[in-house]
Amino acid sequence: MSGDDDSQEQTIADDLVVTKFKMGAEIANQALKTVVTAATAGVSVPSLCEKGDAFIMAETGKVFKKEKDMKKGIAFPTSVSVNNCVCHYSPLKSDPDVILKDGDLVKIDLGVHVDGFISNVAHSFVVGVTKEAPLTGRKADVLKAAHLCAEAALRLVKPGNQNSQVTEAWNKIAKSFKCSPIEGMLSHQLKQHVIDGEKTIIQNPTDQQRKDHEKAEFEVHEVYAVDVLISTGEGKAKDGGQRTTIYKRDPNKVYGLKMKTSRMFFSEVERRFDAMPFTLRAFEDEAKARLGVVECAKHELLQPFNVLHEKEGEFVAQFKFTVLLMANGPLRITNSLFEPELYKSEHEVEDSELKALLQSSASRRTQKKKKKKASKTVESATGQPMETEAAE
């Protein structure tokens, strides 16, 4: 019986848990802003990854100082993936340098946890674009598509809805911008110390993945990291053989490591990161870490987050947010920094139901502000007044 375990699981029904999520989210939002502001032409990708991680470590070090045993810090190392690189690019000092230039489509992905309660966020933008000269073309298309997919998910990930509804909406939105969601990518439920919970939302599944993927209903007091990755290409992400630098301990695997370097490395992983993803950059002796990780990964004590690529010449955009399914409605705790006025696309969402969904108000805070516009739109689309009409 797992009844005992279930009773001990801390959820957002507890105010203190919500507080910890919000503290982590505030740090994640600030870290994202710090990295985005620094990501200009001529700046190196490794320096941005280091800046994000250093910020997270410094800020998480300031909270719950009296709780000496509480784990807190990075829940996902800062990754800066450019253009057709899909995700998980977080290079080491010994890797070739990558310098940003104007016109690069940059994806910044990071995560923070306080006592194992995780807040993830990702944002995409194009270097050097200004409001005076907004961007058009395929990069603008894919950014708009990804942004609208995230906005649709914010309105669909709520108690009573199914994960498959989100998958279908993403496919339709991407298609209307002549783009494709990256095949088989998963958004996960978050639990304490668990970044890859069992309930998931799948993107653009193959026929086999569609059969295998478990249908799930969203429930009150669950938390999700909703991760949108859209491509101008076919949406097939492949491992291009670039060095993997991000790993996560698999708590279910046991193996007696033979090499002393591997044992020392693994014990440091357990002590410092527990089951959170970490980067080899976080180890003082990078060469020893690169050596120690090999045996651990070979015997699956560590799971790799491989650096994935879409075809050369294509562009991939990513938005990720963390949402708490509170009793009084979904609450997004990590923010998008998307500026729609910077990107102009000739395409738009065609589907009338999705249009109405996207124009409806998503957040409890903005419902009053958006009420008039949104209620009219929804009323004309559905013949139903919005529930928030009494709010004013």
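Each remark here, short or long, concerns the structure printed above.
A quick note: this is a predicted structure, and the numbers were derived from the prediction, not measured.

A word on the pairing of strand E8 (residues 223-231)
Of all the nine residues making up E8, nine are buried; the element is thus mostly covered by neighbouring parts of the structure. Residues of E8 alternate between two faces, with Val-223, Ala-225, Asp-227, Leu-229 and Ser-231 on one and Tyr-224, Val-226, Val-228 and Ile-230 on the opposite face, all of them buried. Judged from the two bridges that link them, strand E5 (residues 180-181) and E8 form a sheet pairing that is antiparallel. If you follow Pro-181 over to E8, its bridge partner there is Ile-230. Where E8 and strand E14 (residues 316-326) come together, nine bridges link them in antiparallel fashion. Looking across to E14, one finds that Ile-230 is bridged to Ala-317.

Side note on the sheet that holds strand E12 (residues 302-305)
Judged by pairing direction, the sheet is antiparallel, and its three strands sit side by side in the order E11-E10-E12 without closing on themselves. Edge strands, defined here as strands with exactly one partner in the open sheet, are strand E11 (278-279) and E12. Relative to E12, strand E10 (residues 246-249) runs antiparallel, the two sharing four bridges. Residue pairing for E12: Arg-249 is matched across the bridge by Leu-302.

Points about the packing of aromatic side chains
Geometry of an aromatic ring pair is reported as the spacing of the ring centres plus the angle between the planes. This structure, assessed with the given rule, holds 10 aromatic pairs. With centroids separated by 5.6 Å and ring planes inclined at 15 degrees, the aromatic side chains of Phe-338 and Tyr-343 adopt a geometry described as stacked. The pair Phe-338 / Tyr-343 is uniform in exposure class, with both members buried. Ring-pair connections join several aromatic residues into one group, and the members of that group are Phe-265, Phe-273, Phe-278 and Phe-283. Positioned above the aromatic ring of Phe-283, the side-chain terminus of Arg-272 is 5.4 Å from the ring centre.

Quick look at the pattern of salt bridges
On inspection of all chains with the given rule, the structure shows 27 salt bridges. The salt bridge involving Arg-155 is made with Glu-151; its shortest N-O contact spans 3.0 Å. With Arg-155 and Glu-151 both in helix H4 (residues 138-156) and four residues apart, the pair spans about one turn of that helix. By relative accessible area, which is 7% here, Arg-155 ends up buried. Classification of Glu-151 by relative accessible area gives buried; the value is 13%. In this structure, the salt-bridge partner of Lys-311 is Glu-234, at a minimum N-O distance of 3.1 Å.

A word on unusual backbone geometry
Most peptide bonds are trans, and most residues other than glycine sit at a negative phi. If you check the backbone angles, Phe-64 has positive phi at about 50 degrees while not being a glycine. Summarising the element assignment, Phe-64 is placed in the loop between helix H3 (45-60) and strand E1 (72-82). Looking at Phe-64, the relative accessible area reads 21%, which means it is partly exposed. Backbone geometry at His-193 places phi at a positive 65 degrees, although glycine is not the residue there. Tracing the sequence through the fold places His-193 in the loop between strand E6 (186-189) and strand E7 (200-202).

Observations regarding the nonpolar core
Counting residues in hydrophobic clusters, the biggest one holds 70 residues, and the most contacted among them are Ile-108, Val-157, Ile-230 and Tyr-343. Per element, the largest residue contribution to this core is 12 residues, and it comes from H4. Beyond its immediate sequence surroundings of up to four residues, Val-157 is in contact with Val-166, Ile-201, Phe-218, Tyr-224, Val-226, Val-323, Leu-325 and Pro-330. Ranked by size, the runner-up nonpolar core spans 20 residues in total, among them Val-17, Ala-25, Phe-76 and Ile-195.

Quick look at the sheet that holds strand E2 (residues 85-87)
Taking strand neighbours across the sheet as the criterion, the three strands line up as E2-E13-E9 in an open arrangement whose pairing is antiparallel. Both outer strands of the open sheet, E2 and strand E9 (238-239), are each paired with one neighbouring strand and no more. Pairing geometry for E2 and strand E13 (residues 308-309), over two bridges, is antiparallel. By the bridge assignment for E13, Cys-85 is matched with His-309.

Remarks on the side chain of His-213
Within the fold, His-213 resides in the loop between helix H6 (207-212) and E8. Residues in contact with His-213, not counting those within four places in the same chain, are Asn-163, Leu-186, Thr-200, Ile-201 and Ile-202.

Some points on the environment of Pro-330
Looking at the element boundaries, Pro-330 is found in strand E15 (residues 329-332). You can call Pro-330 buried: its relative accessible area is 17%. Considering only alpha carbons, one finds Pro-330 and Leu-156, 174 residues apart in sequence, at a separation of 9.5 Å.

Quick notes on the packing of helix H2 (residues 15-38) against H3
Running from amino to carboxyl end, H2 crosses H3 at an angle of 150 degrees, the nearest separation of the two axes being 9 Å. In terms of axis orientation, H2 runs roughly antiparallel to H3. The way H2 lies across H3 gives a crossing that is right-handed. Taken together, the residues of H3 that come into contact with H2 (itself represented by Ile-27, Gln-30, Ala-31, Thr-34, Val-35 and Ala-38) are Leu-48, Lys-51, Gly-52, Phe-55, Ile-56, Glu-59 and Thr-60. Residue composition of the contact of H2 with H3, grouped by class: seven nonpolar, four polar and two charged.

Conventions we followed
- Residues numbered from 1 in each chain as written.
- Predicted model: local features only at pLDDT ≥ 70, side-chain atom pairs only at ≥ 80, totals over all residues.
- Heavy atoms only, no water.
- Buried < 20%, exposed > 50% of the residue type's maximum accessible area, 1.4 Å probe, protein only.
- Helix = DSSP H or I, 4+ residues; strand = E, 2+ residues; numbered from the N terminus.
- Pairing = 2+ DSSP bridges.
- Phe/Tyr/Trp six-rings, centres within 6.5 Å; stacked < 30°, edge-to-face > 60°.
- Lys NZ or Arg CZ within 6 Å of the ring centre and 35° of its normal.
- Salt bridge = Lys/Arg side-chain N within 4 Å of Asp/Glu carboxyl O.
- Core = buried A, V, L, I, M, F, W, Y, C linked by side-chain atoms within 4.5 Å.
- Contact = heavy atoms within 4.5 Å.
- Axes fitted to C-alpha atoms, helices over the stretch in contact; angles between N-to-C directions.
- Parallel < 35°, antiparallel > 145°, perpendicular 65-115°, else oblique.
- Left-handed = near helix turned anticlockwise from the far one by under 90°.
- Nonpolar A, V, L, I, M, F, W, Y, C, P; charged D, E, K, R; others polar.

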